[in-house]
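Descriptive structure summary
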Amino acid sequence: MLKLGVNIDHVATLRQARYPGMLDTHNCEPDILAAASACERAGAHGITVHLRADRRHIQDADVFRLRERLQTRLNLEMGNTPAILAIALQVKPDEVCLVPESREEITTEGGLAVAGHEAALRPTVQRLREAGIRVSMFIEPDPAQIDASAALGAEMVELHTGAFANALGGDRQRELQRIVAAARHAHAAGLQVNAGHGINYENISLVVPVPHLADLNIGHAIVCRAVFVGLEVAVAEMLQRMGVGA
Ligand code: PXP
């Protein structure tokens, strides 16, 4: 069954708009734990957050509180830096997804370059796995990146669907075919296949038929919809479009 991880970074974006620089966000609205609970009540299978080096939305305290209180899985997205790795090893999320990160970007713009950067990534993957954390690589739907991820010992890949989501017409079909081919390749390599970025209530119908998909991580579209209908309804609507029901 296809599963949904709701990325709640943008609930924290809204909070930080009013409380910039606040490290103890305990009493600040909107409450990140309440948001996570609403997603869980609606049937989400997990909660995803990205602890960025610049702390622009999610704060360290959020990750620790989520770890304590979540009923479902915690998926921590992170760049490969010693400081964030140290936090991940303390928090022990169920899963870590390694992502590329640059300060200037608005969101994670491309996939992680795993091929060619094995030396930097191998110790991180190893330490996370030794801590009992399942490791995913957020990569472009590219066979070389998939093979490099498998060789490093990652259990999962998350295929970056951003190019597909941004493409129109024939280009969109071509991008979708790249994702389908990558999903087959990753599955054959023994990897769990996840996908995310730019998936919304409209393009989800094209993503669902992609073979071997296990988890979808969706954030922006759900938080935007929640402004009008509330988070529980927004999550339930996405689950319904995934054919999972609420
Ligand atoms: N997956 C990963 C690895 C991401 O970095 C993001 C964006 O933070 C998402 C999924 C969710 O993307 P979106 O907010 O466009 O749904």
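Notes on the structure follow.

Rules behind the numbers
- Residues numbered from 1 in each chain as written.
- Predicted model: local features only at pLDDT ≥ 70, side-chain atom pairs only at ≥ 80, totals over all residues.
- Heavy atoms only, no water.
- Helix = DSSP H or I, 4+ residues; strand = E, 2+ residues; numbered from the N terminus.
- 1 Å grid on protein atoms, 1.4 Å probe; cavity = no way out; pocket = protein on both sides within 12 Å on 5 of 7 lines; lining within 4 Å.
- Points joined across faces, edges and corners; volume = space filled by probe spheres on them.
- Nonpolar A, V, L, I, M, F, W, Y, C, P; charged D, E, K, R; others polar.
- Near = heavy atom within 4 Å.
- Polar contact = N/O pair within 3.5 Å; in protein donor to acceptor, adjacent residues only side chain to side chain.
- Areas by Shrake-Rupley, 256 points an atom, 1.4 Å probe, with all protein chains shown as cover.
- Pairing = 2+ DSSP bridges.
- Axes fitted to C-alpha atoms, helices over the stretch in contact; angles between N-to-C directions.
- Contact = heavy atoms within 4.5 Å.
- Parallel < 35°, antiparallel > 145°, perpendicular 65-115°, else oblique.
- Left-handed = near helix turned anticlockwise from the far one by under 90°.

1. Remarks on unusual backbone geometry
Note: most peptide bonds trans; most residues except glycine with negative phi. With omega at -5 degrees, the peptide bond leading from glutamate 29 into proline 30 counts as cis. Take proline 30: it is sitting in the loop between α1 (9–18) and α2 (32–42). Of note in this structure, histidine 212 is not a glycine but carries a positive phi near 70 degrees. In this structure, histidine 212 sits in the loop between α9 (204–207) and β8 (213–218).

2. Topic: empty space enclosed by the protein
Enumeration over the complete set of coordinates arrives at two cavities of 30 Å³ or more. Along the walls of the largest cavity sit Gly5, Gly46, Ile47, Thr48, Arg73, Leu74, Asn75, Glu95, Asn194, Asp215 and Asn217, which together make up its complete lining. Looking at the lining of the largest cavity, the elements that each hand over two or more residues are β2 (46–50), β3 (73–78) and β8. Residues that form the lining of the largest cavity fall into these classes: two nonpolar, six polar and three charged. Its volume calculated, the second largest cavity comes out at about 40 Å³. In terms of lining residues, the second largest cavity is bounded by Arg15, Thr25, His26, Cys28, Pro30, Asp31, Ile32, Leu33, Asp62 and Arg65. Those elements giving two or more residues to the lining of the second largest cavity turn out to be α2 and α3 (60–69).

3. Digging into the layout of surface pockets
Of the volumes computed, that of the second largest pocket is approximately 190 Å³. Of all the secondary-structure elements, those providing two or more residues to the lining of the second largest pocket are α1 and α10 (220–229). Ranked by residues supplied to the lining of the second largest pocket, first place goes to α10 with four residues. Considered class by class, the residues forming the lining of the second largest pocket number nine nonpolar, one polar and one charged.

4. Examining the site of the ligand
In the neighbourhood of the ligand, 14 residues make up the surrounding shell, with Glu77, Glu158, Gly198, Gly219 and His220 lying closest. Asparagine 7 is positioned with one of its side-chain polar atoms (N or O) 3.4 Å from an oxygen atom of the ligand. Side-chain polar atom of glutamate 158 to a nitrogen atom of the ligand: 2.5 Å apart, as the coordinates give it. Protein contact buries 94% of the 400 Å² of open area that the ligand shows by itself.

5. Describing the sheet that holds strand β4 (residues 95–98)
In space, the eight strands of this closed barrel follow the order β1-β2-β3-β4-β5-β6-β7-β8, with parallel pairing throughout. The sheet shows a mean angle of 25 degrees between the axes of neighbouring strands, taken without regard to direction. Both strand β7 (residues 192–196) and β8 contribute to a ladder of four bridges, which runs parallel. Opposite asparagine 194, over in β8, you have aspartate 215 as the bridge partner. The strands that helix α4 (residues 82–91) touches are β3 and β4; relative to β3, the one it contacts most, it runs at about 170 degrees.

6. Focus on the packing of helix α6 (residues 143–152) against helix α8 (residues 169–188)
Closest axis-to-axis distance for the α6/α8 pair is 10 Å, and the angle between their directions is 25 degrees. With respect to α8, the element α6 is oriented roughly parallel. Pair α6 / α8 crosses with right-handed handedness. Contacts between α6 and α8 pair Pro143, Ile146 and Asp147 from the former with Ala182, His185 and Ala186 from the latter.

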